[in-house]
Amino acid sequence: METDEKYTIKVILKTMELLKCFSPEQPEWKATELSKRLHLNRTTVYRILTTLSSGGFVQLNAKTGCFRLGTTLIGLSMALYNSMDIRTVARPVLKGLAKETGESIHLTMWYNDEVILLDQWESLSDIKVSVPLGRRFPAYATSTGKVFLAALPEKELNRYLSEHQLEPLTPRTITNREALKVALQKVSKEQIAFDFEETAVDIVTCAAPVYSFDRNVNAAVAVLGPARRMRPQLEAVAARLKKAGAQISALLGYSADPEQMPQHFD
């Protein structure tokens, strides 16, 4: 006969597997469907669901007879999200990205219509991009800024463009609002942004978004380096950068939904 301890562990394992079945693609399940999916007795599944329901972990839709995740999990998710330090989460990924590309890496956040440098890994090369943490950059001229601007709802983007002058920082800075909008549409579609000497002469950068669990753009990661080093490897760097952004997003709890791509950030 199994001990109570062994039985309890098995029930917990079954419960965890049951909760993992709920997803954006299939947010509701009937007990019979879960029974078939998990190869468990229907009565066992129903008892687990009833117990979870009593604690608010799932809730029953009386009209459809389906169960969906409950509000208790929302509170737990927010507690987990708020406890995360994105710099700690992203650091191993950024370290690997710096090693692979040989260039400086920036982790940035959006703050009051500007981009703020949150963390960085400096290139080991004698010629490199290095700036103090906390420095702010104009969004329209930087690759990370374009990532954030591309994620703004149209109304917010128009507000930004009406309130900020697009001053030329170099001869290559985009100063035409319509041209910038076209560039941002491409960023939104391709999920990668570039700065071809638009912020500083001889510096080329590319950036990718980092999404949070709520499908908002939480941060942006960029690779920066001298134009002569960056341009020949730009395609490979962009591909690796998008992968790094996806890795950090996953660590923050983001799960891609093919039916609904993220559109904006808080």
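Residues numbered from 1 in each chain as written. Predicted model: local features only at pLDDT ≥ 70, side-chain atom pairs only at ≥ 80, totals over all residues. Heavy atoms only, no water.

**Q** Outline the pattern of salt bridges, listing residues and values.
**A** Two side chains with opposite charge may pair up if their charged atoms get near one another. Applying the stated criterion across every chain, the model contains 13 salt bridges. Linking Arg 68 and Glu 28 is a salt bridge whose minimum nitrogen-to-oxygen distance equals 2.7 Å. Remark: Glu 28 occurs in strand β1 (residues 28–29) and Arg 68 occurs in strand β3 (residues 66–69); sequence separation between them is 40 residues. The partner of Asp 119 in a salt bridge is Arg 91, and the shortest N-O contact between them spans 2.9 Å. Separated by 28 residues along the polypeptide, Asp 119 in strand β5 (residues 114–121) and Arg 91 in helix α5 (residues 86–101) bring together distant segments of the chain. Look at the salt bridges and you will find they share partners, linking Asp 113, Glu 156, Arg 159 and Glu 163 into a network. (Salt bridge = Lys/Arg side-chain N within 4 Å of Asp/Glu carboxyl O. Helix = DSSP H or I, 4+ residues; strand = E, 2+ residues; numbered from the N terminus.)

**Q** For the nonpolar core, give the residues involved together with the corresponding values.
**A** Counting residues in each nonpolar core, the largest one holds 31 residues, and the members touching the most others are Tyr 140, Leu 149, Tyr 160 and Leu 180. Those elements that provide at least two residues to this core are β5, α6 (143–151), α7 (154–163), α8 (177–190), β8 (203–211) and β9 (217–226). Discounting residues that sit within four places of it in the chain, Leu 149 has contacts with Trp 110, Ala 139, Tyr 140, Leu 157, Tyr 160 and Leu 184. In this structure, Ile 192, Val 204, Ala 238 and Leu 241 belong to the second largest nonpolar core, which totals 26 residues. (Core = buried A, V, L, I, M, F, W, Y, C linked by side-chain atoms within 4.5 Å. Buried < 20%, exposed > 50% of the residue type's maximum accessible area, 1.4 Å probe, protein only. Contact = heavy atoms within 4.5 Å.)

**Q** I'd like a rundown of the packing of α5 against helix α10 (residues 234–251), residues and numbers included.
**A** Interhelical geometry of α5 versus α10 gives an angle of 170° and a closest axis separation of 9 Å. Judged on the interaxial angle alone, α10 and α5 are roughly antiparallel. Where α5 crosses over α10, the handedness of that crossing is right-handed. Here Val 89, Ala 90, Val 93, Leu 94, Leu 97, Glu 100 and Thr 101 of α5 come into contact with α10, specifically with Val 237, Arg 240, Leu 241, Ala 244, Gln 247, Ile 248 and Leu 251. Residue composition of the contact of α5 with α10, by class: 10 nonpolar, 2 polar and 2 charged. (Axes fitted to C-alpha atoms, helices over the stretch in contact; angles between N-to-C directions. Parallel < 35°, antiparallel > 145°, perpendicular 65-115°, else oblique. Left-handed = near helix turned anticlockwise from the far one by under 90°. Nonpolar A, V, L, I, M, F, W, Y, C, P; charged D, E, K, R; others polar.)

**Q** Tell me about the sheet that holds strand β6 (residues 136–138), residues and numbers included.
**A** Taken in spatial order, the 6 strands line up as β6-β5-β4-β9-β8-β7 in an open sheet, and their pairing is antiparallel. Pairing within the sheet leaves two strands with one partner each, and these edge strands are β6 and β7 (193–196). Across the sheet, the mean angle separating the axes of adjacent strands is 30° when strand polarity is ignored. Relative to β8, β7 is paired through 4 bridges, and the arrangement is antiparallel. Within β8, the residue paired with Phe 194 across the bridge is Cys 206. (Pairing = 2+ DSSP bridges.)

So yeah, pure geometry; function would need other evidence.
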